[in-house]
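The primary structure of each chain is shown beneath.
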Amino acid sequence: MTVHFIGAGPGDPELLTLKAQRLIAACPVCLYAGSLVPEAVVAGAPEGALVRDTATMTLEETHALIVEAHAQGKDVARVHSGDPSLYGATAEQIRLLKRDGIPFDITPGVPAYAAAAAALGQELTVPRVAQSIVLTRVAMQSTAMPEGETLENFAATGATLAIHLGVRALRDIVRRLSPLYGEDCPVAVCIRVGWPDQAILRGTLADIHAKVREAKVTRTALILVGRALGESAEFPDSALYDPAKPHVLRPRVKGGVA
């Protein structure tokens, strides 16, 4: 018996990996977070499987179901949104599994920031503009952020920020980032990426809060901030394909012609 933590991606069932599909189709117990994972993602569970939405359940309640499945020798598909390594609350589940000697493995999924970039039709790491992405969140009413992991510290690097779980704190986010990025810095609020009602609001730090408030967005949104999002940003071509910069798979050429 194994508990399979499965990254379901951002919501689109077609973004499931082949391995994720196979595991969901094979497990007689399927536990998924229905507030973030559409039912269509777990529709491939086998006939007669126990399929349970854990959105309203506590950690202890979900673990009890896993312990029962373990006693019966039944594999469990524990389906999480995005990728289990990011804000998936898997660490505390894994701690309990290790305590009780229950085997587990992890299947990665498409993270929300990658799906958002695809929806925007943009690269998030643009030469000479931003070569780093910071995946972070704001505390609000959840667990406090570790000392030093502040928006101001991350913004000081000029990296592209992917801010999770923060749309309700957008006014404060704008206030804290504007002095570092400038009020004209591009922002994209990506709402329910991968779901049928996906929406994207583009703006700047100067006007994005008003746009989000007008659209009445209060949850399930990823905030991207950074100069790399600018559609008119000027940047040089990547050295990856520069004929003057050879690498092991492409020898130096003269005058740019092989």
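Residues numbered from 1 in each chain as written. Predicted model: local features only at pLDDT ≥ 70, side-chain atom pairs only at ≥ 80, totals over all residues. Heavy atoms only, no water.

*Asks:* I'd love a proper account of the pairing of strand β8 (residues 186-191), names of residues and values included.
*Replies:* Of all 6 residues that make up β8, 6 are buried, and the element is covered over most of its length. Here β8 shows two buried faces, one formed by Pro-186, Ala-188 and Cys-190 and the other by Val-187, Val-189 and Ile-191. The pairing of β8 with strand β9 (residues 199-204) spans 6 bridges and is antiparallel. Note that in β9 the partner of Pro-186 across the bridge is Thr-204. As paired strands, β8 and strand β10 (residues 221-225) are joined by 5 bridges and run antiparallel to one another. Looking at β10, one finds that Cys-190 is bridged to Leu-222. (Buried < 20%, exposed > 50% of the residue type's maximum accessible area, 1.4 Å probe, protein only. Helix = DSSP H or I, 4+ residues; strand = E, 2+ residues; numbered from the N terminus. Pairing = 2+ DSSP bridges.)

*Asks:* Describe the state of the cysteines, and please don't skip the residues or the numbers.
*Replies:* Applying the stated rule across the entire model yields 0 disulfides. For Cys-27, which is in no disulfide, the shortest distance to another cysteine sulfur is to Cys-30 and amounts to 7.6 Å. (Disulfide = S-S within 2.5 Å.)

*Asks:* So, the packing of helix α2 (residues 59-72) against helix α3 (residues 90-100): which residues are in play, and what are the values?
*Replies:* The relative placement of two packed helices comes down to the angle between their axes together with the axis-to-axis distance. In the contact formed by α2 and α3, the axes pass within 11 Å of each other and the chain directions differ by 40°. Judged by the inter-axis angle, α2 sits oblique to α3. For the element pair α2 and α3, the recorded crossing hand is right-handed. Together, Leu-59, His-63, Ile-66 and Val-67 of α2 and Glu-92, Gln-93, Leu-96, Leu-97, Arg-99 and Asp-100 of α3 make up the contact between the two elements. Looking at the contact of α2 with α3, its residues break down into 5 nonpolar, 2 polar and 3 charged. (Axes fitted to C-alpha atoms, helices over the stretch in contact; angles between N-to-C directions. Parallel < 35°, antiparallel > 145°, perpendicular 65-115°, else oblique. Left-handed = near helix turned anticlockwise from the far one by under 90°. Contact = heavy atoms within 4.5 Å. Nonpolar A, V, L, I, M, F, W, Y, C, P; charged D, E, K, R; others polar.)

*Asks:* Which residues make up the nonpolar core, and what are the values?
*Replies:* In this structure, Ile-163, Leu-177, Val-189 and Val-225 are the most contacted members of the largest nonpolar core, which totals 27 residues. Ranked by residue count, the leading element in this core is helix α6 (residues 170-181), at 5 residues. Contact partners of Ile-163, with chain neighbours within four places excluded, come to Thr-136, Arg-137, Val-138, Leu-151, Ile-173, Leu-177, Ala-221, Leu-222, Ile-223 and Val-225. Membership of the second largest hydrophobic core comes to 15 residues, among which are Ala-8, Cys-30, Tyr-32 and Val-37. (Core = buried A, V, L, I, M, F, W, Y, C linked by side-chain atoms within 4.5 Å.)

*Asks:* Explain the sheet that holds strand β3 (residues 50-53) to me, using residue names and the numbers behind them.
*Replies:* Spatially, the 5 strands line up as an open sheet ordered β3-β2-β4-β1-β5, and their pairing is parallel. The open sheet is flanked by β3 and β5 (104-107), the only strands paired with a single partner. Across this sheet, the average inter-strand angle for adjacent strands is 15°, counted without regard to direction. In terms of strand pairing, strand β2 (residues 29-32) meets strand β4 (residues 76-80) through 4 bridges, oriented parallel. Opposite Cys-30, over in β4, you have Ala-77 as the bridge partner. Sitting on the sheet, α2 is in contact with β1 (3-7), β2, β3 and β4, with an inclination near 165° to β2. The strands touched by α3 within the sheet are β1, β4 and β5, with β1 carrying the most contacts at an inclination of about 170°.

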